[in-house]
Structure formats: structure tokens, C-alpha cells
Amino acid sequence: MRYAPALAAALLTLAAGSAAKAEEGMWTFDNFPIARANQTLGTSIDQAWLDRVRLSSVKFGGCSAGLVSAEGLVMTNNHCVATCVANLSTQAINYAETGFSPRTREEELKCPGGSAEILTDIADVTERMHAAGAGLEGQAFTRSRDAEASRIEQEACGGAADKRCQVVSLYRGGQFKLYTYKKFSDVRLAWAPEDRAATFGGDLDNFSFPRFAIDAAFIRLYENGAPAQTPTHFTWNAGQPVEGTPVFVSGSPGATQRLLTQDQLFSVRDVVLPMDQLIASELRGRLIRFSEESEENAFIAMDPIVSIENTYKRGLGRMRALTDAQFMTMKAEQEADFRQRAEAGAGDNNPWTTLTSVQPILRESYAAYALLEGGTGIGTTPVAGGSQLFLWARTLVRGAQERAKPSAERLPEFADSRLAGVQSGLFAERPVYKALDQVRMEWWLSKTREWLTVDNPNVRALLGNESPEQLSARLIEGTTLGDPAVRRALWEGGLAAIEASNDPLIQYLLSIQDETRAVRSDWEARVQAPTDRASERLAALRFQTYGDSVYPDATGTLRLTYGRIEGTDVPGQRFGAFTTFDGLWDRATGAAPFDVAPKLLAARERIDGDTVLNMAVSSDTIGGSSGSPVVTAAGEIVGANFDSTVLTQRNAYGYDVNVNRSVIVTTGAVTTALRDVYGMQRLVDELGVR
């Protein structure tokens, strides 16, 4: 691995202005505070240990995972393979109900569109990225940096099918790193329990502790039709965990917003989260109603309902944080300390002033951008289009339009360096349920009309003279994009094929490009560009002020955090560190969501009731950390992160060791399930359990 220059190596950790405390920080692997972690935990890890952990850590979709054998076996969460399970299931054979326990390796099934990655290299490219934006403003600044990132990625990876390169923005533009990944496009499901075993307690227990869930699953990485050879992997430890044990959690947490100023947080609190929560709650209601209409609909909607419930509760926890006077006072004090130390050096180019001036524009623009484009990076519910068929159509239309331009002039998601990933998702053979897509698209259209108002020109362009119900029905019923062969032909046919297509959804996307692209351009010019410019300046001031006590916000890339196995004793969250199988039996009522999975219940007499099922850890994690391997200083995996508490959702904005707790399924529980419940002795043997 290559490392940043000495100056950049000083940029380590932060909680929105002040130096990080003890267990705080989602650290990058090239800037991990080894000495401080060892001093805090009493461990003796070194750089070689870090390298082994990095090469044993896996990014799987929007989740994390860990290698646990030399033949590509990877442990993650059951909810991280839920889409794979749903895509492989039918009403007749529903693996979410029965579990998936292949008797031989040959029976392991390929996850449609599934891919996994291992981070192999990190290189500093800050100088190039900063030079690309020098002297530019507005959209010219944004597009120039996007183009430079594309060039860097293409230079590093070219057309390699087994690699992916990504320029990662750290410290909100203060630093840029090139991450190179080993990519696996053949990922197969190796084991998954029944959904009721993995989600015992349902939404009532979600984001809480005690938990009693076997939220674990195994996938296997393949290369050239054979299991990948992975000599570097975690050692499986199925023993009983001990309270107080130091542990490390390695995964790819999603976005945190700890580096935002107070004014930026107020926009999130007052505008972003309220809108996201309202529209997410309505989608949840529509999906529940849809699921109650028939057994088929219940099967179709199962995974989407779990996903939206997760999103809603995560947003609820974040809203509680930003309306907590004590928490916000702490944030204000941190920013005041930072400004007092740094503002004298800001000169005329004061980033706080710039960011404050952007907020009225953001507040006015957020609804249109989130609804018509999605993926703002500050919200929790990207909604544009609502449905998978819509997103495929947009990818096809925009992909064709953008590929007609030189790579450096395209939207960044269609740069040459990223087309392989686009194609992988577009060509994947996965089931399409038009009834569900229509519900989702109808919801999106109705919410867009409601939030932007009937007279908004963009709404008129979207709906014409039709209602959301009429338009969604016509477009979804008439499209043929559910067929991967059709999508492939349109993609390969380029712009000529797209413009000649009579598919109603393709024609619809063509008709709204002027409006949606204009919304995006306006956001990039008036919100994103000045925010990025000011954030870059703010990062420089942080580095000057706090030196090596500054860590970056999470960005969906590999990070390492640390803590101990422990419970909490604070109001609203008082519990010990462990739950057991005996606790599961005590909690079971026989009625959903506290009904035990049949296979698990049938094995009760074979299970040692004292076996620890789940445990709490004081690590710094957030959404995206699901599936993250929990590792001891000896490099042994003792569990996988699968949840956190509602109070922990404030982790998006700041870490508090008193309330932050990650919820872990233990390797002991997984071993018990494999051996005593599901008859997966071959995997137990592969894990080296004796």
C-alpha cells in the first residue's frame, strides 16, 4: 500500500471541530492511530495487523463483510443478502421463509448482479484534485474536479474487469485518495437462515438491545468459475465472548455529517429530515397496504418493507439527536472552540460565512433536487423515480446521452472508469414485479406533485394531463425493461437505439431530461460547488488547528473503529453486554414478531442455552457498517455488526461513548446455528471449528 506524504499523514480524526476522544473515530486504514488505540485498549496491534485486517475485509453492495476461509467464504448479515435471497426465491420456493442451506458447494447459487470488493491500495491524489478546481467557481468547479477524478481512475484501472478504482473525497474535499479494489463479480449465496431467525423481534426490536437475532449469512467469492483463493482471512473464534474485551470493527460505514457547521445541521434538522421522514412514512404505509392485498403481494413487498422501516427508524434517531438540546449545545461548543482558534487565520475567505450564505438556497432547492434527482448525500431517502424500472430507464437514457461525449465532459457516474459498474447493475438478471414498481412510481409522482405544488413547471412536465395513478400505470404496464436482454440491446445500441425505442418508459425519460438535468445543474452550481469550496477551506483550517487529531467523515469506504464489549447504564438505554439463547426462548410468545423460526425452535434441545447470541460493543459505527467483522487484537473474528440502538443514530453527527452501542451477532451463535440447527457441518469444518 502507498501512503500519503508526511503533511497529509497528519490529518487524522474529528468530531466536528475538537480532538477525538478515546474510542471515537471511523478511521481510514492509512491513518489509523495505532499508538492511541493500543494505549486506550491495552493492545499491541501494528501495521502488519492492520494490513491483514484490511485484506480480510469485504465491501458487499451497501454492506460490509469479512473473509473467514482460504476458499472465498465470507460472513455478512442476513439482511445484507436479503435482496439476493429475494431474487433467488419464488412464491413456491421462498428462501426467506425456509432458509438457504445448500448441502454441497456446487449448490451455492449466484446472487444476480452481486459483486464484492477488497481494498488493496490507497494513494494520495489531493494535489491533482485541488489543482483541477483552482480558480474555478460554480458548476465549472464541480465538473472540472469530476473530470479529473475520472482521469485518475481510468489511469489506475483502465479496463480491468477485476479491479475498481475510486477517487474518494475525505474531510469534505480537504483531501482526496485513490482507492483501488480487487473486484469479484461472481458472488454466490452459501448459507442464510430463515428470515424469522435473523429478524426475531421485527421492527419492534430493531435499533434496540437486548436483541435475539441470528442476523448472519455466508457468501462465497468466485473467480473464473471456481472459489477464489483467499489465503489472508480472519481466524474464526467460536468461544464465549468476555465482557470488557477490546475489539475492532472493520467495515464501510455510509455517510456521516460530523464536519457540518451548525448552520448546515440546522438545514438538515429543519428541512431535510422532516421531508425525508414524511415521504418515507407514506411509502411504508403504501407498501404495507399493498402487502395485505394478497399472499403474492406480501411475498413481493417483504424486503422493501424491511428496508423502508430501517430507513424511517434511522431518520427518527437522527431527528432526536438534532432536537436534543444537550447534544446540540455540545456541537455548538465544539464549533465555537474551533472558530475561536481558527477564524483569525481565515482572512477574507471565511468558510463559515460562505456556508451560511448557501443554506437559504439549499433549503429552497432541496425538495426539487431530492425528488427529481435523489442522492443529495444529506438526506436518508433518495426517491427520484421511486421504482427500479424507472431507474433502469434513466440509466439507459442518460447513459446513451453521456457516452456520446468525451469521458471528461460526462456526468461523473458515466465516466469511462465507472461504466463497468453501471453495466453490471443494468444487465443483472433479477425478478421484476410491475405491481410493486407501479406502487412506488405512483408514490413518487404524488409526493413530487404535493411537495413542489401543482403549478410548478417541473410537475407539469412530469405529469402533463395525467394523474400520478394514470401515468404510473401506463408507463409500468407498457415497459419491457424488465427483460435484461432488452436493457442490454438498448445500452449497446447507444443513443440511436434509445431515441428509436417505442418503450413508453424510455420515451418518458427522454421527455423529462431538460427539466431534471436543469435541477441538477442548478444544485451543483449554487449548492454543491460553493459548499465543496468552503468545506475544502474549512478542512485546511482544521488541519492547521488540530493536527493529527482530525479524522474524516464516513464516505461508504473502508474504515476501522475500536471499542470494548460492554453494555450501558444511561437513561433510556440500560442493559448488559450479552443476550443468550435462553433469553430468546423467554422472549418468544409464539406470535409475530416474537415467533421463533420453526427450524430453530425444533433444535432447542440441542442448543446450549447459555451460548451468547448477541452482544453490545462501544464501537463507532453507522449504516453501511452492517456485516462488519468484529475482530480481536489477535486477528480473530468474534462476530458481525448488524444493528445499533436508536440513541446511536446520533452517530451521524457526533460520537458519545456513553450511548453509542453496536449490536453484534456472535460467531458462537452462528456456529451453533450452522451445526445444531441447519446441518451445515461442511461450513463448520471449513471455518476450522473443532
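Residues numbered from 1 in each chain as written. Predicted model: local features only at pLDDT ≥ 70, side-chain atom pairs only at ≥ 80, totals over all residues. Heavy atoms only, no water.

Trainee: Quick question: what am I supposed to make of the overall build of the protein here?
Mentor: Helices and strands together make up the secondary structure of the protein, namely 25 helices and 20 strands. Taken over the C-alpha trace, the protein has a radius of gyration of 24 Å; the compact-globule value for 690 residues is 26 Å, and the two agree within 12%. With the C-alpha coordinates of the protein rotated into their principal frame, the extents come out at 65 × 60 × 50 Å. The buried share of the protein, taken over its 690 residues, is 59%. Within the protein, counting contacts between residues at least 6 apart in sequence, those at least 24 apart form 79% of the total. Total accessible area on the protein is roughly 25400 Å²; 50% of this is exposed by carbon and sulfur atoms. (Helix = DSSP H or I, 4+ residues; strand = E, 2+ residues; numbered from the N terminus. Rg over C-alpha atoms; globule rule 2.2 N^0.38 Å. Buried < 20%, exposed > 50% of the residue type's maximum accessible area, 1.4 Å probe, protein only. Contact = heavy atoms within 4.5 Å. Areas by Shrake-Rupley, 256 points an atom, 1.4 Å probe, with all protein chains shown as cover.)

Trainee: Is there a simple way to think about the pattern of salt bridges in this case?
Mentor: Oppositely charged side chains may form a pair once their charged atoms are brought near each other. Scanning all chains against the criterion turns up 48 salt bridges. Between arginine 172 and aspartate 553 there is a salt bridge, and its shortest N-O distance comes to 3.0 Å. Of the two residues, arginine 172 is situated in the loop between β6 (163-170) and β7 (175-184) and aspartate 553 in the loop between α21 (513-546) and β13 (559-564); the sequence distance between them amounts to 381 residues. Judged by relative accessible area, aspartate 553 falls into the buried class, the value being 4%. Residues aspartate 324 and arginine 650 are paired through a salt bridge, measuring 3.2 Å at the closest nitrogen-oxygen approach. Of this pair, aspartate 324 sits in the loop between α11 (295-322) and α12 (325-342) while arginine 650 sits in the loop between β19 (636-644) and β20 (662-666), placing them 326 residues apart in sequence. Via salt bridges that share partners, Glu71, Arg105, Glu108, Arg220, Arg682 and Glu686 belong to a single interconnected network. (Salt bridge = Lys/Arg side-chain N within 4 Å of Asp/Glu carboxyl O.)

Trainee: Where do I start with the side chain of serine 56 in this structure?
Mentor: With respect to the helices and strands, serine 56 occurs in helix α3 (residues 47-56). Judged by relative accessible area, serine 56 falls into the buried class, the value being 1%. Setting aside its immediate chain neighbours within four residues, serine 56 contacts Ala65, Gly66, Leu67, Thr232, His233 and Phe234.

Trainee: Help me out: how do you make sense of the nonpolar core in this one?
Mentor: Counting 76 residues, the largest nonpolar core has Trp191, Phe218 and Leu600 as the members making the most contacts within it. Broken down by element, this core gets its largest block of residues, 6 residues, from α21. Not counting chain neighbours up to four residues away, the residues in contact with leucine 600 comprise Glu194, Ala197, Ile214, Phe581, Leu584, Trp585, Ile607 and Val677. Within the second largest apolar cluster, 73 residues are counted, among which are Met275, Phe327, Val397 and Leu509. (Core = buried A, V, L, I, M, F, W, Y, C linked by side-chain atoms within 4.5 Å.)

Trainee: Help me understand the state of the cysteines, please; the structure alone is not making it clear to me.
Mentor: One way to say it: the disulfide is the covalent bond shared by the sulfur atoms of two cysteines. Under the criterion given, the structure shown has 3 disulfides. Between the sulfur atoms of cysteine 84 and its disulfide mate cysteine 111 the distance is 2.1 Å. With the S-S dihedral at roughly -80 degrees, the linkage between cysteine 84 and cysteine 111 falls on the left-handed side. You can see cysteine 84 sitting in helix α4 (residues 82-88) and its partner cysteine 111 sitting in the loop between β4 (109-110) and β5 (116-124), a full 27 residues away along the chain. By the burial criterion, cysteine 84 is buried, and cysteine 111 matches it. Cysteines bonded in the protein are numbered consecutively along the chain; their disulfide partners then correspond to 1-2, 3-4, 5-6. (Disulfide = S-S within 2.5 Å.)

Trainee: Got a minute to help me understand the environment of threonine 256 in this structure?
Mentor: When you line up the elements, threonine 256 lands in the loop between β12 (246-251) and α10 (262-291). A relative accessible area of 2% means that threonine 256 is categorised as buried. Note: C-alpha distance between threonine 256 and isoleucine 622 (366 residues apart in sequence) is 7.9 Å. Sequence-distant contacts of threonine 256, that is, excluding residues within four places in its chain, are made with Met26, Arg172, Asp553, Ala554, Ile622, Asn651 and Ala652. In this structure the side chain of threonine 256 is engaged in a polar contact, spanning 2.7 Å, whose partner is the backbone nitrogen of alanine 554. (Polar contact = N/O pair within 3.5 Å; in protein donor to acceptor, adjacent residues only side chain to side chain.)

Trainee: I'm lost on the environment of leucine 355 in this one. Help?
Mentor: If you trace the backbone, leucine 355 turns up in helix α13 (residues 351-372). Placed 172 residues apart in sequence, leucine 355 and valine 527 show a C-alpha to C-alpha distance of 9.2 Å.

Trainee: Help me understand helix α24 (residues 667-677), please; the structure alone is not making it clear to me.
Mentor: An α-helix turns once every 3.6 residues. As a result, residues three or four positions apart point the same way. Counting buried residues in α24 gives 10 out of 11 residues, a clear majority hidden from the surface. Three or more residues of α24 are buried, namely Thr667, Gly668, Ala669, Val670, Thr671, Thr672, Ala673, Leu674, Asp676 and Val677.

Trainee: Please explain a negative patch on the surface as it appears in this structure.
Mentor: A contiguous patch of negative charge, built from Asp582, Asp586, Asp608 and Asp610, is present on the exposed surface. Residue position: aspartate 586 is located in helix α22 (residues 581-587). (Patch = residues over 30% accessible without salt bridge, like charges linked within 9 Å, V, L, I, M, F, W, Y side chains within 5 Å. Lys, Arg positive; Asp, Glu negative; His and termini not counted. Charge placed at Lys NZ, Arg CZ, Asp CG, Glu CD.)

Trainee: How do you make sense of the domain arrangement of the protein when you look at a structure like this?
Mentor: A common way to state how big an interface is: give the accessible area lost once the parts meet. With domains assigned, the protein is organised as domain 1 (5-112 + 186-221 + 233-257 + 553-686), domain 2 (116-184) and domain 3 (262-533). For domain 1 and domain 3, the distance between their C-alpha centres works out to 29 Å. Opposite the 28 residues of domain 1 that make contact, domain 3 presents 31 residues. At the boundary of domain 1 with domain 3, total buried surface from both sides reaches about 2600 Å², with 54% on carbon and sulfur atoms. In this structure, the connection of domain 1 to domain 3 is made through 3 salt bridges. Our count for the contact surface shared by domain 1 and domain 3 stands at 6 residue pairs in polar contact (both at pLDDT 80 or more). With 4 residues, the top contributor of residues to the side of domain 1 that touches domain 3 is α4. Partitioning the side of domain 1 that touches domain 3 into residue classes produces 13 nonpolar, 13 polar and 2 charged. (Domains from an automatic or database assignment. Buried area = accessible area lost by both parts, 1.4 Å probe. Nonpolar A, V, L, I, M, F, W, Y, C, P; charged D, E, K, R; others polar.)

Trainee: Help me understand the pairing of β19 in this model?
Mentor: Within a regular beta strand, the side chains point alternately toward one face of the sheet and then the other, so they alternate between its two faces. Within β19, 8 of the 9 residues are buried, which leaves the element mostly enclosed by the surrounding structure. Of the pairings in the sheet, the one linking strand β11 (residues 235-236) to β19 comprises 2 bridges and is parallel in character. Among the inter-strand pairings, tryptophan 236 is bridged to a residue of β19, identified as isoleucine 637. Here strand β18 (residues 629-631) runs beside β19; their pairing, made up of 3 bridges, is antiparallel. Within the sheet, the bridge partner assigned to proline 629 lies in β19 and is alanine 640. Counting the residues between successive antiparallel strands, the hairpin from β18 to β19 contains 4 residues, one of them, glycine 635, with a positive phi of roughly 80 degrees. By the bridge criterion, 5 bridges tie β19 to β20 in an arrangement that is antiparallel. Paired with alanine 640 across the strands is valine 665, a residue of β20. (Pairing = 2+ DSSP bridges.)

Trainee: When you look at the packing of aromatic side chains in this model, what are you seeing that I'm missing?
Mentor: For any pair of aromatic rings, the description rests on two quantities: the centre-to-centre distance and the angle between the ring planes. Evaluated as defined, the whole model comprises 20 aromatic pairs. Considering the side-chain rings of tryptophan 191 and tyrosine 678, the 5.5 Å spacing of their centres and the 65 degrees angle between planes classify their relative orientation as edge-to-face. With a gap of 487 residues between them, tryptophan 191 in strand β8 (residues 186-191) and tyrosine 678 in the loop between α24 and α25 (681-686) connect regions that are remote in the sequence. Among the residues examined, tryptophan 191 registers a relative accessible area of 0% and is labelled buried. What makes tyrosine 678 buried here is its relative accessible area of 3%. Each ring, one from phenylalanine 581 and one from tryptophan 585, has its centre 6.4 Å from the other, and the planes form 35 degrees; the classification is tilted. Of this pair, phenylalanine 581 and tryptophan 585 are both found in helix α22, 4 residues apart, which corresponds to roughly one turn of the helix. We note that phenylalanine 581, like tryptophan 585, is buried. (Phe/Tyr/Trp six-rings, centres within 6.5 Å; stacked < 30°, edge-to-face > 60°.)

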